[in-house]
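Now for the letters of each chain:
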Amino acid sequence: MTTMCGYEAMRSGKHLLFYVNRDGLPLSDRCNERMWNFCTEQYPNHASEIKTLRDQITSYPKVTYIEPPFHLASNNRLSVREKLQQIQTYIQRLEYNYTGMQFFEINTNRPISGLMDAARHMMIEALPIKCLEAFLIAVYLTTGMRDVERFNISFKTRFNSITYRHVVLGIKYNQTYAALGLSRRTDLAYKPLNGKYDRLSTLIDDYLHAYKNYGHTVLRIKIGLPILHDLKSFLTIHWKAIVILPNKTDKNDYERELDKVARVWRQMNMYMSYRGHVQPASLVQPASILLTTTSLPNRLQSIPCRPNSDTASNNRQSVINKTHTTVQDQLIPFAIRV
C-alpha cells in the first residue's frame with residue numbers, strides 16, 4: 001500500500017494501533033512529528049511530561065551500540081540451549097518499541113533473502129523492535145544451527161473488541177521445543193529449551209494459558225512449515241501450514257493435531273537432506289536441492305480437519321525437486337554481508 005505522508009496507520013477496525021514508517025531511516029521530520037503527536041494523543045494526561053522529554057532529546061547520553069552476535073551459530077563451544085539464550089538476550093537488549101511508530105517496513109511475502117536483508121538492517125540500526133522484527137532477527141541468527149528446526153507460531157487474539165496479532169519463532173531440537181521472540185509480556189515471548197516442552201501442544205498451551213491470564217481470547221493460531229537454513233533463499237516463508245481455532249475446537253482434538261505436525265514434516269521430507277550440509281550463518285553454501293513454490297502445499301490441514309486416516313495419505317507426496325549441480329557450483333560460497 002502506498003502512502004504520500006511517509007507513514008501508514010495500522011488499525012483494528014476503527015481503533016488505531018500504531019504507525020509504520022515508510023520513509024526509511026534516518027526517521028524523516030514528518031514521521032518524527034507523527035510519532036510524538038501519537039504519543040501525546042495516547043496519553044493526554046501526560047502531555048507536559050512528553051514535551052519535557054522531547055525538549056531534552058539533544059542532551060541525552062550517548063547510546064551504546066549493541067553488537068549483533070552474527071557468528072553465534074558457528075560457535076562449537078556453546079550448546080544449542082546456550083546459543084538460544086544468548087540470541088534471546090540480544091533481542092531483549094534491543095528493547096520493545098513503545099513509540100507507536102514501527103521503524104522498519106516489512107513485507108512478509110518477500111522471499112527469505114529479502115527478509116534476511118531486512119533483519120540485518122535492523123541489527124545494524126539497533127533500534128527498538130516489535131514481535132515481527134524480533135522473529136526475523138531470530139531466524140537470521142539461528143540459521144546454520146545443526147538439527148535445529150525453526151517455524152513461525154502466529155497468534156490472533158481479541159481484547160475489548162480489539163484484534164491483536166503476535167508471532168514468535170518456534171524451535172524444535174532433539175524432540176524438545178522452545179521459542180524466541182519479544183512482547184510486552186515476558187510469558188508471551190521466550191520459552192527456554194529446558195526440556196519442559198517435550199510436545200508442541202505443551203508449548204502452545206503455555207501461550208494459551210498466558211493469554212487467558214491477560215483476558216485475551218485466542219481466535220486463531222497459525223503454525224508454518226520449517227524455515228530453510230539459507231539466508232539467500234528465494235523461497236518465501238510458508239506461514240500457514242496448520243490452523244487452530246482454540247475457542248471452537250475441543251482441547252484434546254487440537255492437541256492431537258498439534259502433535260501430528262512433526263510427523264507431517266518428516267513425511268514431507270522437504271529439508272532433511274539439506275540440513276546435513278548447512279553451514280554457519282556467516283557463510284552459507286548454495287543448496288543442491290531446489291524447492292519450487294508450486295511444489296509447496298497451500299495448506300496442510302485446518303482444524304476441524306479430516307479423519308486421521310486421510311491425513312497421512314494426503315501428505316506423503318514429496319515436495320522436493322532435485323536439480324543437478326556441478327562441482328564448480330558447489331564451490332561458490334555466498335558471503336553474508338554484515
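Positions within a chain are numbered from 1, following the residues in the order the chain's sequence is written. For this predicted model, a pLDDT threshold of at least 70 governs which residues receive local features, and a threshold of 80 or more governs which side-chain atom pairs are given and counted, while totals over whole chains, interfaces and linings are taken from all residues. Side-chain metrics rest on all non-hydrogen atoms present in the structure, leaving aside hydrogens and water.

A.B. asks: I tried to follow the overall build of the protein chain on my own but got confused; where do I start?
C.D. replies: Helix and strand assignments come from DSSP, with helices taken as H or I runs of at least 4 residues and strands as E runs of at least 2, each series counted from the N terminus. Scanning the protein chain from terminus to terminus reveals eleven helices and 13 strands. Throughout, a contact is declared for two residues whenever any of their heavy atoms are within 4.5 Å. Across the protein chain, the fraction of contacts at a sequence separation of at least 24, relative to all contacts at a separation of at least 6, is 64%. As displayed, the protein chain has an accessible area near 17800 Å², and 50% of this comes from carbon and sulfur atoms. What sets the accessible areas is the Shrake-Rupley method with a 1.4 Å probe; for residues, cover comes only from the shown protein chains.

A.B. asks: When you look at the packing of aromatic side chains in this model, what are you seeing that I'm missing?
C.D. replies: Here a ring pair, both rings aromatic, is described through the centre-centre distance and the interplanar angle of the planes. Aromatic rings from Phe, Tyr and Trp, with only the six-membered ring used for Trp, were paired whenever their centres fell within 6.5 Å, and each pair was classed as stacked if the ring planes differed by under 30 degrees, edge-to-face if by over 60, and tilted otherwise. Counted according to the given criterion, the structure contains eight aromatic pairs. Pairwise contacts between aromatic rings join Tyr7, Tyr19 and Phe38 into one cluster. Charge over a ring is defined by NZ of Lys or CZ of Arg lying within 6 Å of the ring centre and within 35 degrees of the ring normal. In this structure, Lys130 packs its charged tip against the face of Phe18, placed 3.8 Å from the ring centre. The lysine or arginine in question, Lys191, covers the ring of Tyr207, its NZ or CZ lying 4.8 Å from the ring centre.

A.B. asks: What am I meant to see in the sheet that holds strand β2 (residues 15-21) here?
C.D. replies: Sheet strands line up and pair through hydrogen bonds in the backbone, either parallel or antiparallel. DSSP-based pairing: two strands are paired if at least 2 bridges between them are found. Ordered in space as β1-β2-β3, the three strands form an open sheet in which the pairing is mixed. Strands with a single pairing partner mark the edges of an open sheet, and in this sheet they are β1 (7-12) and β3 (101-102). Two elements, β1 and β2, share six bridges in a ladder whose sense is antiparallel. Among the inter-strand pairings, Tyr7 is bridged to a residue of β2, identified as Asn21.

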